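Below are the chains, spelled out letter by letter.
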Amino acid sequence: MRPTLDSDLLRTFVAIAEAGNFTRAAEQAGRTQSAVSMQMKKLEELVGDSLFERGSRGVALTRRGGELIVNARRIVALLDETAASMSAAPLGGPVRIGIPEEYGHAILSRALGAFSKRHTKVEVTVRYAHSEAQIAALAAGELDLCVVFEWQDPSGGEVLMHDPTVWVTSNLHHMHEERPVPIALYNRVSWCKDFAIKSLEQRGLAYRVAYSSDTTGGLKLAVTSGLAIAPISRSNIPADCRELTAADGFGDIDASNVVMHRNPNASGEAIDGMQEAIRDAFVNR
């Protein structure tokens, strides 16, 4: 028969692993050290192997303990999340979000998934647009939260991650080896001139514009189809493609940060909750 693992035992196991010491784990749990030791003895009997190696400075996970800790942390986190969702009153009301298209699936879907499980009555509106348009919409009161790229000095928003734009090529087509190199660009003339084209001119690379698009999805299509290379944020490089580095004669296009701004006039628990969900999605990406 498979062992039935008690969640309380797993919670104590995680506490010991993170504290590195039975005594500290017992203090944090409000239990005696002997009680914690008894719990671990029981868990080791269920698992059929030792979980910790004792030393003069505390304890360390054994191989078996290292295998168990991954799932134990997941189980404890899920239990805590479930308890929080059951105790929190469902929120309601509208939340209006602006975010770059490239973070729609990888980030926003995760944030919305976590948020909507707890707050089914919230009406969420999402706008995908470039950063200048998002900031203008926020200033006009059309958005409650917006996530944007920033290339200049810090603006006072919350920096979520550093995600520079780089030139990207297909591993199958090697378009970066052609001269002049075919490039795909956004329709936004100012950014392309100030950053993408400038990065090529600084390196003396001859180029021709082979494709233009309003969206990152369009640029990805140009790269994967073998039409051109394109400027894409490092975290969004498509499968079977790669970043062009200094070794290839290229390099970073900009040093952008991903920053979240909140409308100073936007208030409410629903907006607070969504802001936290977006932040957590970036942290746990």
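One numbering rule holds for all chains: residues counted from 1, following each sequence as written. The model is predicted, so local features are restricted to residues of pLDDT at least 70 and side-chain atom pairs to those at 80 or more, both for listing and for counting; the totals for chains, interfaces and linings are taken over all residues. Side-chain figures throughout are based on the complete set of non-hydrogen atoms in the structure, without hydrogens or water.

**Student:** Residues and numbers for the domain arrangement of the chain, please.
**Tutor:** Domain annotation for the chain reports domain 1 (7-87), domain 2 (95-162 + 257-284) and domain 3 (165-248). Domain boundaries shown here were taken from an automatic or database domain assignment. A separation of 36 Å is found between the C-alpha centroids of domain 1 and domain 2.

**Student:** Please give an account of the packing of helix α1 (residues 7-19) against helix α3 (residues 33-47) that cites residues and values.
**Tutor:** Axis lines are fitted to C-alpha atoms, over the contacting stretch for helices. Their N-to-C directions set the angle, which ranges from 0 to 180 degrees. Numbering of helices and strands starts at the N terminus; helices are DSSP runs of H or I of at least 4 residues and strands are runs of E of at least 2. With their axes 10 Å apart at the nearest point, α1 and α3 run at an angle of 110° to one another. Our classification of the angle between α1 and α3 gives roughly perpendicular. Judged by the twist between their axes, the crossing of α1 over α3 is left-handed. For the pair α1 and α3, contact is made by Asp8, Leu9, Leu10, Thr12, Phe13 and Ile16 and by Val36, Gln39, Met40, Lys42, Leu43 and Leu46, respectively. Tallied by class, the residues present in the contact of α1 with α3 amount to 8 nonpolar, 2 polar and 2 charged. For this classification, under 35 degrees means roughly parallel, over 145 means roughly antiparallel, 65 to 115 means roughly perpendicular, and everything else is oblique. Note on convention: the crossing is left-handed when the near helix lies turned anticlockwise from the far helix by less than a right angle, right-handed when the turn is clockwise. Should any heavy atoms of two residues lie within 4.5 Å, those residues are counted as being in contact. When residues are sorted by character, Ala, Val, Leu, Ile, Met, Phe, Trp, Tyr, Cys and Pro go into the nonpolar class, Asp, Glu, Lys and Arg into the charged class, and all the rest, Gly among them, into the polar class.

**Student:** Now, about the pairing of strand β10 (residues 230-233): what can you tell me, with residues and values included?
**Tutor:** Burial here depends on accessible area, computed with a 1.4 Å probe over protein chains only, as a share of the maximum for the residue type. Under 20% is buried, over 50% is exposed, and the range in between is partly exposed. Taking every second residue as pointing to the same face, both faces of β10 are buried, with Ala230 and Ile232 on one and Pro231 and Ser233 on the other. Only strands joined by at least two bridges in the DSSP assignment are considered to pair. Relative to β10, strand β7 (residues 165-170) runs antiparallel, the two sharing 4 bridges. Residue pairing in the sheet places Val166 in a bridge with Ile232 of β10.

**Student:** Break down helix α8 (residues 216-224) for me, with residues and values.
**Tutor:** Note on helix geometry: an α-helix contains 3.6 residues per turn, so any two residues three or four positions apart are oriented the same way. Taken as a whole, α8 has its buried residues at Thr216, Gly218, Leu219, Ala222 and Val223. Along the axis of α8, the buried positions cluster into a sector of 160°, meaning they face one direction only. Among the structural elements, β7, β8 (181-186), β9 (207-213), β10 and β11 (241-243) are those in contact with the buried residues of α8. Just beyond α8, the residue with positive phi is Gly226, at close to 85°. The arc in question is formed by the directions pointing from the helix axis toward the C-beta atoms.

**Student:** For the packing of aromatic side chains, give the residues involved together with the corresponding values.
**Tutor:** Side-chain rings of Phe, Tyr and Trp (the six-membered ring for Trp) are treated as a pair once their centres are within 6.5 Å; stacked means planes under 30 degrees apart, edge-to-face means over 60, and tilted covers the remaining angles. Summed over the entire model, instances satisfying the criterion amount to 8 aromatic pairs. Judged by centre distance (5.7 Å) and plane angle (35°), the ring pair of Trp151 and Phe195 falls under tilted. Of this pair, Trp151 sits in the loop between β5 (145-150) and β6 (158-162) while Phe195 sits in helix α7 (residues 189-202), placing them 44 residues apart in sequence. Both rings, one in Trp191 and one in Phe195, keep their centres 6.0 Å apart while their planes meet at 25°; by these two values the pair is stacked. On the criterion of helical spacing, the pair formed by Trp191 and Phe195 is a turn pair, its members being 4 residues apart in helix α7. Taking relative accessible area as the criterion, Trp191 reaches 8% and is therefore assigned buried. Under the relative-accessibility criterion, Phe195 is labelled buried at 18%. Feature note: the residues Trp151, Tyr186, Trp191 and Phe195 constitute an aromatic cluster, connected by ring pairs.

**Student:** Give me unusual backbone geometry: which residues, what numbers.
**Tutor:** Residues Arg179 and Pro180 are joined by a peptide bond in cis, for which omega reads -5°. With respect to the helices and strands, the residue Pro180 is situated in the loop between β7 and β8. Unlike most non-glycine residues, His174 shows phi in positive territory, near 55°. Relative to the helices and strands, His174 is located in the loop between β7 and β8. Residue classification places His174 among the partly exposed residues on the basis of a relative accessible area of 36%. With a phi close to 65°, Asp240 is a non-glycine residue in the positive phi region. Among the secondary structure elements, Asp240 is positioned in the loop between β10 and β11. Judged by its relative accessible area of 54%, Asp240 is exposed.

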